[in-house]
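Structure at a glance
Residues per chain, in single letters:
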Amino acid sequence: MNWLDQLNEEQAQAVTHAGGPLLILAGAGSGKTRVLTYRICYLLTRGCAPWEILAVTFTNKAAAEMKRRVEELVGDVEDLWIGTFHSICVRILRREGKQLGLPSNFLIYDTTDQLGVVRECLTELNLDQKRYEPRLILQTISSAKNELIGPEKYREEADGFWTKTIATVYARYQEKLLANGALDFDDLLTYTVKLFQEHPDVLEQYQRRWRHILVDEYQDTNHVQYVLVKLLSQGHRNLFVVGDEDQGIFGFRGADIRNILEFERDYPDARVLKLERNYRSTKTILAAANSVIANNVARKEKTLWTDNPRGEPIVLFQGQDERAEAAFVVGEVERLWAEGRPLSSCSILYRTHALSRTFEEEFIRRGIPYRIVAGLRFYERKEIKDVLAYLRFLANQDDAFSLSRIINTPTRGIGDVTLGRLVEHAEYAGWTLWEAVRRVDEIPAIRGRSRDAVASFRELMEE
């Protein structure tokens, strides 16, 4: 147990907590990941089985890092569940989703897929996409789901032309997802809550399994995540949450900072610990951060401190325009480079990618190499989405959206008109789109080369 010696007093109190609800207010750079990791190790060394622990993080990267650290300390923990809310809910729904009528091989639509479904709904409802912007509609639907408001409840509460229109699109959007054997990211959470609320026996099974629940970045939880955690922890009440309301920045995603501010109301017997020692920053940076964050109204009182050196002063430069700003920043990079600092040790953070241009022009003018860390993510690139669409359709022939994407990719002579006739006949005959492809010979509106092209595609997919 010598690894406990690596903790400060407050960290050690958190790690060795006897049980029951615990809220850890962990300031920036105060070692919260270490506390979470060591808490898991502490439980394992005290006789808790790996499958009795559930640790929830907000990113796959954080989950992988936490599992790696645990394995370094106590060895292999294959049955330990560490993951994001979404990945954990996927695992639960793959196992238990049949209780809600979900196929075990349901697809998960990403943002691009979801926008495609919304656009199709708008087209079918004869709604102008300039007036009803698909991204805004999708954002509205997502917000409703995060508040556990389904299509029926949304329609009941709609009190104006806009909200009534959204309610109609929302209902059709959800119907299309289910018809294609698909869920979106928000559904993963809402359906898991629905599963637990409608099937208490399933909830009890998971409550008995997970005797200890740990949640990272609790300030970033939204309503559906809050309900999910509360349901799972009701039995044993060994809830260990780590967060910092001063670092809550995801309100636009539905995160509700009240979840952390009102934790003690939800759990009156909760213990609260503060981690205020910062290991990351200089005294100068902490002083600046503390003076700024002290102006927040909705926060719990804490002051970060450090034993680190005072460090260099913070520099504020106010340029006349964006070109003067870029010249100053790039000039500083050039100075550091000349002093022997590697360029890879310098980062420029800007508010939006539109601002990168002036910095790039200045780097080019001075002959300094640079790299933009941006662009499309791997799974958002067209060629990757095309390949995934093939694989998704092969896994689930009800997936009309993937089929529509691949039927003429690469180009094989099946244009929009032919695809439209396939869709139209499928709706008329009560077929799936794939059944229309398979039975193209029975569709009078598709003849000649178009029919041959569809038949050739059918043979390819069947093979």
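Because the structure is a prediction, the values reported are computed rather than measured.

Another aspect to go through is the overall build of the chain. Scanning the chain for helices and strands turns up 21 helices and 8 strands. Counting only C-alpha atoms and orienting by the principal axes, one finds that the chain spans roughly 80 × 65 × 50 Å. Looking at the chain as a whole, 45% of its 463 residues are labelled buried. Within the chain, counting contacts between residues at least 6 apart in sequence, those at least 24 apart form 72% of the total. Accessible area of the chain: about 25,200 Å², with a carbon and sulfur share of 50%.

A separate point is empty space enclosed by the protein. One way to see where empty space is left: roll a probe the size of a water molecule over the atoms. Counted under the stated rule, the structure contains 2 cavities of 30 Å³ or more. By volume, the largest cavity amounts to about 70 Å³. Contributing to the lining of the largest cavity are L54, V56, F85, I88, C89, I92, I213, L228, V229 and L232. Where the lining of the largest cavity is concerned, the elements lending two or more residues are β2 (53-57), α4 (85-96) and α11 (223-233). Sort the elements by how many residues they give to the lining of the largest cavity and α4 lands first, with 4 residues. Class assignment of the residues belonging to the lining of the largest cavity gives a composition of 10 nonpolar, no polar and no charged. Considering only enclosed or pocket space, the second largest cavity measures out at about 50 Å³ in volume. Lining the second largest cavity, in full, are H17, G19, G20, R39, L43, H212, I213, L214, N238, L239 and F240. Mapped by element, the contributors of at least two residues to the lining of the second largest cavity are α2 (32-45), β6 (212-215) and β7 (239-243). When the residues that make up the lining of the second largest cavity are grouped by side-chain class, the tally is 5 nonpolar, 5 polar and 1 charged.

Glancing now at the pattern of salt bridges. Enumeration over the complete set of coordinates arrives at 31 salt bridges. Among the ionic pairs, E72 bridges to R68, the shortest N-O distance being 2.3 Å. Taken together, the positions of E72 and R68, both in helix α3 (residues 60-74) and 4 residues apart, correspond to about one turn of that helix. With a relative accessible area of 40%, R68 lands in the partly exposed category. A salt bridge links E124 to R172; the nearest nitrogen and oxygen atoms lie 3.0 Å apart.

Now for the side chain of R392. Its place among the elements puts R392 in helix α17 (residues 382-395). Once residues lying within four places of it in the same chain are set aside, the contact partners of R392 are L107, I108, Y109, D113, D399 and S402.

Looking now at the packing of aromatic side chains. According to the stated counting rule, one finds 13 aromatic pairs in the structure shown. Ring centres 5.9 Å apart and planes at 75° place the aromatic pair Y154 and Y170 in the edge-to-face group. A residue pair is termed long-range when its members are at least 10 positions apart, and Y154 in helix α7 (residues 151-157) and Y170 in helix α8 (residues 161-179) qualify at 16 residues. We note that Y154, like Y170, is buried. Note on Y218 and F263: the rings are 5.8 Å apart at their centroids and 90° apart in plane angle, and the pair reads as edge-to-face. Remark: F263 occurs in helix α13 (residues 263-266) and Y218 occurs in the loop between β6 and α11; sequence separation between them is 45 residues. With relative accessibility at 1%, the residue Y218 sits in the buried group. Following the ring pairs from residue to residue traces out a cluster consisting of W81, F196, Y206 and W210. Here the guanidinium or amino end of R91 rests over the ring plane of W81, the centre of that ring lying 3.7 Å away.

Our focus in this paragraph is the nonpolar core. Ranked by internal contacts, the top residues of the largest apolar core, which has 41 residues, are F196 and W210. With 7 residues, α11 is the largest single contributor of residues to this core. Look past the residues within four positions of F196 in its chain and what remains in contact with it is I92, V202, L203, Y206, L228, L231 and L232.

Read across the open sheet, the 6 strands follow the order β3-β2-β6-β7-β1-β8; overall the sheet is parallel. The open sheet has two edge strands, β3 (81-84) and β8 (271-275), and neither has a second partner. Taking the axes of each pair of neighbouring strands and ignoring which way they run, one obtains an average angle of 15° across the sheet. Contacts from α4 reach β2, β3 and β6, with the element oriented near 115° to β3.

Right, let's talk about the layout of surface pockets for a bit. In this structure, the second largest pocket encloses a volume near 1,100 Å³. Contributing to the lining of the second largest pocket are 28 residues, with V315, V329, E332, L336 and S347 lying nearest its centre. Taken together, the elements giving at least two residues each to the lining of the second largest pocket come down to α15 (322-338) and α16 (356-366). The element contributing the most residues to the lining of the second largest pocket is α15, with 8 residues.

One can describe the packing of helix α6 (residues 134-146) onto helix α9 (residues 185-198) by two numbers: an axis separation of 9 Å at closest approach and a directional angle of 20°. By the angle class used here, α6 and α9 are roughly parallel. Pair α6 / α9 crosses with left-handed handedness. Contacts between α6 and α9 involve S142, K145 and N146 on the former and, on the latter, D186, D187 and T190. Classifying every residue of the contact of α6 with α9 gives no nonpolar, 3 polar and 3 charged.

Our focus in this paragraph is the packing of α4 against α9. Packing of α4 against α9 brings their axes to within 9 Å, and their N-to-C directions diverge by 55°. Classified by the angle between their axes, α4 and α9 sit oblique to one another. In this structure, the crossing between α4 and α9 has a hand that is left-handed. Of the residues in α9, those in contact with F85, H86, C89, V90, I92, L93 and E96 of α4 are F185, D187, L188, L189, Y191, T192, L195 and F196.

Here is what the cut-offs are and how they apply
Residues numbered from 1 in each chain as written. Predicted model: local features only at pLDDT ≥ 70, side-chain atom pairs only at ≥ 80, totals over all residues. Heavy atoms only, no water. Helix = DSSP H or I, 4+ residues; strand = E, 2+ residues; numbered from the N terminus. Buried < 20%, exposed > 50% of the residue type's maximum accessible area, 1.4 Å probe, protein only. Contact = heavy atoms within 4.5 Å. Areas by Shrake-Rupley, 256 points an atom, 1.4 Å probe, with all protein chains shown as cover. 1 Å grid on protein atoms, 1.4 Å probe; cavity = no way out; pocket = protein on both sides within 12 Å on 5 of 7 lines; lining within 4 Å. Points joined across faces, edges and corners; volume = space filled by probe spheres on them. Nonpolar A, V, L, I, M, F, W, Y, C, P; charged D, E, K, R; others polar. Salt bridge = Lys/Arg side-chain N within 4 Å of Asp/Glu carboxyl O. Phe/Tyr/Trp six-rings, centres within 6.5 Å; stacked < 30°, edge-to-face > 60°. Lys NZ or Arg CZ within 6 Å of the ring centre and 35° of its normal. Core = buried A, V, L, I, M, F, W, Y, C linked by side-chain atoms within 4.5 Å. Pairing = 2+ DSSP bridges. Axes fitted to C-alpha atoms, helices over the stretch in contact; angles between N-to-C directions. Parallel < 35°, antiparallel > 145°, perpendicular 65-115°, else oblique. Left-handed = near helix turned anticlockwise from the far one by under 90°.

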